[in-house]
Amino acid sequence: MAIGTVASRVTGFLRLVMLGAVLGVGDVRQAFDLSNTMPNTLYDLLIGGVLASTLVPVLVQARAKDQDETYVQRLLTFVLLSLTALTALTMIAAPWLVRLYNGTTQTAQLDLTVTWARFFLPQILFYGVSATVGAVLNSRDRFAAPVWAPVLNNVVAIATLVMFVVVSEPRTVTPAGMSTSQKVVLGVGTTLGVVAMTAALLPSLRASGFRWAFRLDLRGMGLRHLGRLAAWTFVYVAATQLALLVLTRLATTVGQFPQYNIAYQVWQLPYAVVAVSVITALLPRMSRHAAQERLDLMRSDLDRGLRLSAMLLIPAALGLLVLGQQVAVALFAHGQTTYAQAEHIGSVLAVFGLGLLPFSIYQVQSRAFYAVGDTKTPALVQVFVSTAMVLVDLTLSALLPAHARIYGLAAGLVAANCLGAIVTTTLVRRRFGSSRATGTQTDPASQRTMTGALTRMTFAGLVGAATAVAAAAILAPVLPTGWTGAAFVVTLAGVTDLVIYWAVLRLLGVGEARKATL
């Protein structure tokens, strides 16, 4: 799964780099990002993320009763009908939605955003189907297709950008100056990538033994029970969407949404490779143990997932903190994106680095509640997290000058997820017991508390990060200025960081490092 996720994120990175080179970070990019964010947001926050967490335990229970094929047939029918209606409504409401999220007053940018939104909003249907099919495959312990399918989406999107360059005249595009062919190529091609990603899941679904049948007898699928679970999911979504609405309006008002969005996507890479892979494998396993009322085994699964995630994410988080600018320059200082704009993105990325581990801890621990069918607790925690994020965003936006507002928005995300990690840690301990790693009498390191393990990993990470800073300081003056020099710095300093980090982990006796080495 991690290899598939890496392939997906590498191709996604190439897509992101090409977007920066082709569209830059100006008004056209803001129109593209905002219009493409609307269906993505519904997928990530409602269907692809939270709803999938709700569905997997239900599907596991249905499979245990040998009722999963009938249930999935009804579920897919329900998803198709409801999301088709939702897609149609959002396309009609596209102008209102764009003006709700976009704080700019530039008419040309708003019109371009509305045009692209109508091309992109049909993605909601395909994201919903792919998320539902992915949840079905996960419940059947088939993980390959869902993590590899996004690669196809990225390949189609990259081909679309190449075609856009071919039809682009003039090369420098503006919202008012874009031709119809340019708008259509980006609009149709981007959505076709999502269609291809969805279609790629169907062979694996068929190979799992599932056979599709359109069923309107929805009474037997337990909609009332699913509705009770989904009710709290909608609370979660409402809280998250409110925070996103405030953030996008604050960022678009000063024309900084593309920079924020680019830095956020880079920041998400380590989380996606590590934590999402852990969550994907962990949730069905925890759900089965919860169904068997083996909370001790479920807690053991959660502890292992947290320790593995932390061991891999700590060096990534500190690496982004100390090498964020060099990373952004190496990736984005091309074409329409200048060196100074890339450095700006890197500074935001460095702020985001502080929140990588808390965000991942928060997300992983939330799945423990979904595993026992509790959607209320994560929803209430998210209300608290989103409220904190909105308050920090509004306060810092009022205090900081316009050009620095983006740093306040990044700090709001970091602060909110730190609170989320603290709250979920407290609630998990109360609900499922203290956090101790499972181990044997002959392996005392594996029996230490989670806090002790995180402390040792953090110390090792700080030593590695300090070494990376020293390496960058030595290398930067003797390398050429520009993306090539930044790429060399990131590569050499990053490798040094990882080597030192791993060595210190071994010296401190961190069990996960010893097992991974063996």
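Cut-off values and rules
- Residues numbered from 1 in each chain as written.
- Predicted model: local features only at pLDDT ≥ 70, side-chain atom pairs only at ≥ 80, totals over all residues.
- Heavy atoms only, no water.
- Helix = DSSP H or I, 4+ residues; strand = E, 2+ residues; numbered from the N terminus.
- Contact = heavy atoms within 4.5 Å.
- Areas by Shrake-Rupley, 256 points an atom, 1.4 Å probe, with all protein chains shown as cover.
- pLDDT = per-residue confidence, 0-100.
- Axes fitted to C-alpha atoms, helices over the stretch in contact; angles between N-to-C directions.
- Parallel < 35°, antiparallel > 145°, perpendicular 65-115°, else oblique.
- Left-handed = near helix turned anticlockwise from the far one by under 90°.
- Nonpolar A, V, L, I, M, F, W, Y, C, P; charged D, E, K, R; others polar.
- Buried < 20%, exposed > 50% of the residue type's maximum accessible area, 1.4 Å probe, protein only.
- Phe/Tyr/Trp six-rings, centres within 6.5 Å; stacked < 30°, edge-to-face > 60°.
- Salt bridge = Lys/Arg side-chain N within 4 Å of Asp/Glu carboxyl O.
- Polar contact = N/O pair within 3.5 Å; in protein donor to acceptor, adjacent residues only side chain to side chain.
- 1 Å grid on protein atoms, 1.4 Å probe; cavity = no way out; pocket = protein on both sides within 12 Å on 5 of 7 lines; lining within 4 Å.
- Points joined across faces, edges and corners; volume = space filled by probe spheres on them.
- Core = buried A, V, L, I, M, F, W, Y, C linked by side-chain atoms within 4.5 Å.
- Patch = residues over 30% accessible without salt bridge, like charges linked within 9 Å, V, L, I, M, F, W, Y side chains within 5 Å.
- Expected span 1.5 Å × (residues − 1).

Colleague: With reference to specific residues and values, describe the overall build of the protein chain.
Modeller: Helix and strand counts for the protein chain stand at 19 helices and zero strands. Pairs at least 24 residues apart make up 82% of the contacts formed inside the protein chain by residues separated by at least 6 positions. With the model as given, the accessible surface of the protein chain reaches about 21400 Å², and the carbon-plus-sulfur share is 67%.

Colleague: Account for the confidence of the model for the protein chain, with residues named and values stated.
Modeller: Overall, the predicted model of the protein chain reaches an average pLDDT of 85, with 86% of residues at or above 70. Taken together, the stretch residues 437-447 has pLDDT below 50 and engages in 20 contacts with residues farther than four places along the chain or on a different chain.

Colleague: Describe the packing of helix H17 (residues 450-475) against helix H18 (residues 483-507), with residues and values.
Modeller: Packed helix pairs are characterised by how far apart their axes lie and by the angle those axes make with each other. Their axes nearest at 8 Å, the elements H17 and H18 cross at an angle of 150°. Between H17 and H18, the crossing angle belongs to the class labelled roughly antiparallel. The handedness of the crossing between H17 and H18 comes out as right-handed. When its residues are assigned to classes, the contact of H17 with H18 shows 16 nonpolar, four polar and two charged.

Colleague: So what's going on with the environment of Gly 134? Which residues, and what values?
Modeller: Within the secondary structure, Gly 134 is located in helix H6 (residues 123-139). The class of Gly 134 is buried, set by a relative accessible area of 7%. Separated by 71 residues in the primary sequence, Gly 134 and Leu 205 place their C-alpha atoms 8.7 Å from one another.

Colleague: Please provide a residue-by-residue account of the packing of aromatic side chains, values included.
Modeller: Under the defined criterion, the tally for this structure stands at ten aromatic pairs. With centroids separated by 5.1 Å and ring planes inclined at 45°, the aromatic side chains of Trp 267 and Phe 359 adopt a geometry described as tilted. Here Phe 359 lies in helix H14 (residues 356-371) and Trp 267 lies in helix H11 (residues 257-291), a separation of 92 residues in the sequence. For Trp 267, a relative accessible area of 1% corresponds to the buried category. Ring centres 5.8 Å apart and planes at 50° place the aromatic pair Phe 369 and Phe 432 in the tilted group. Pair noted here: Phe 369 is in helix H14 and Phe 432 is in helix H16 (residues 405-432), with a separation of 63 residues, a long-range link. Look at Phe 432 and you get buried, because its relative accessible area is 11%. An aromatic cluster is built from Tyr 260, Tyr 264, Trp 267, Tyr 271, Phe 352 and Phe 359, whose rings are joined through pairwise contacts.

Colleague: With reference to specific residues and values, describe the packing of H14 against H16.
Modeller: Relative orientation of the contacting elements H14 and H16 amounts to 35°, with a least axis distance of 8 Å. Between H14 and H16 lies a crossing of left-handed hand. Facing H14, whose interface residues are Pro 358, Phe 359, Ile 361, Tyr 362, Gln 365, Ser 366, Ala 368 and Phe 369, H16 presents Asn 417, Cys 418, Gly 420, Ala 421, Thr 424, Thr 425, Leu 427, Val 428, Arg 431 and Phe 432. Of the residues belonging to the contact of H14 with H16, the class tally is eleven nonpolar, six polar and one charged.

Colleague: Quick one: what's the story with the pattern of salt bridges, residue by residue and with numbers?
Modeller: Taken as a whole and assessed by the stated rule, the structure comprises six salt bridges. Here Arg 299 makes a salt bridge to Asp 303, at a shortest N to O gap of 3.0 Å. On the criterion of helical spacing, the pair formed by Arg 299 and Asp 303 is a turn pair, its members being four residues apart in helix H12 (residues 295-332). Exposure remark for Arg 299: the relative accessible area of 6% places this residue in the buried category.

Colleague: Which residues make up the side chain of Asn 102, and what values do they have?
Modeller: Residue position: Asn 102 is located in the loop between helix H4 (94-101) and helix H5 (107-120). A distance of 3.0 Å separates a polar side-chain atom of Asn 102 from the backbone nitrogen of Thr 104.

Colleague: Explain empty space enclosed by the protein to me, using residue names and the numbers behind them.
Modeller: Any space left empty among the atoms is revealed by the rolling of a water-sized probe across them. If you walk through the whole model with that rule in mind, you get two cavities of 30 Å³ or more. Taken as a whole, the second largest cavity spans an internal volume of roughly 40 Å³. Looking at the second largest cavity, the residues that line it are Arg 15, Leu 19, Phe 32, Ala 157, Thr 160, Leu 161, Leu 186 and Thr 190. Of the residues assigned to the lining of the second largest cavity, the class counts are five nonpolar, two polar and one charged.

Colleague: So what's going on with the nonpolar core? Which residues, and what values?
Modeller: With 118 residues, the main nonpolar core has Tyr 260, Trp 267, Phe 332, Phe 352 and Met 457 as its most contacted residues. Formed by 17 residues, the second largest nonpolar core is a distinct cluster that contains Met 18, Val 22, Phe 32 and Phe 120.

Colleague: Explain a nonpolar patch on the surface to me, and be specific about the residues and the numbers.
Modeller: Where nonpolar side chains cluster on the molecular surface, the patch consists of Leu 81, Trp 212, Phe 214 and Leu 216 and spans about 440 Å² of accessible area. Within the secondary structure, Phe 214 is located in the loop between helix H9 (202-207) and helix H10 (223-253).

Colleague: Go over H5 with me, naming the residues and quoting the values.
Modeller: Taking 1.5 Å of rise per residue, 14 residues should cover 20 Å, and H5 covers 20 Å from first to last C-alpha, within 8% of that figure. Those residues of H5 that sit buried are Gln 109, Leu 110, Leu 112, Thr 113, Val 114, Trp 116, Ala 117 and Phe 120.

Colleague: How would you summarise the environment of Ala 453 if you had to cite specific residues and measurements?
Modeller: Relative to the assigned elements, Ala 453 resides in helix H17. For Ala 453, a relative accessible area of 0% corresponds to the buried category. For Ala 453 and Gly 509, which are 56 residues apart along the polypeptide, the C-alpha to C-alpha distance reads 9.5 Å.

Colleague: Help me get a handle on H14, residues and values and all.
Modeller: Compared with the 22 Å implied by 1.5 Å per residue over 16 residues, the 23 Å span of H14 between its first and last C-alpha is a close match. Along H14, 16 of the 16 residues are buried, which leaves the element largely enclosed by surrounding structure. Immediately beyond the C-terminal end of H14, within one or two residues, lies Gly 373, with a positive phi of roughly 75°.

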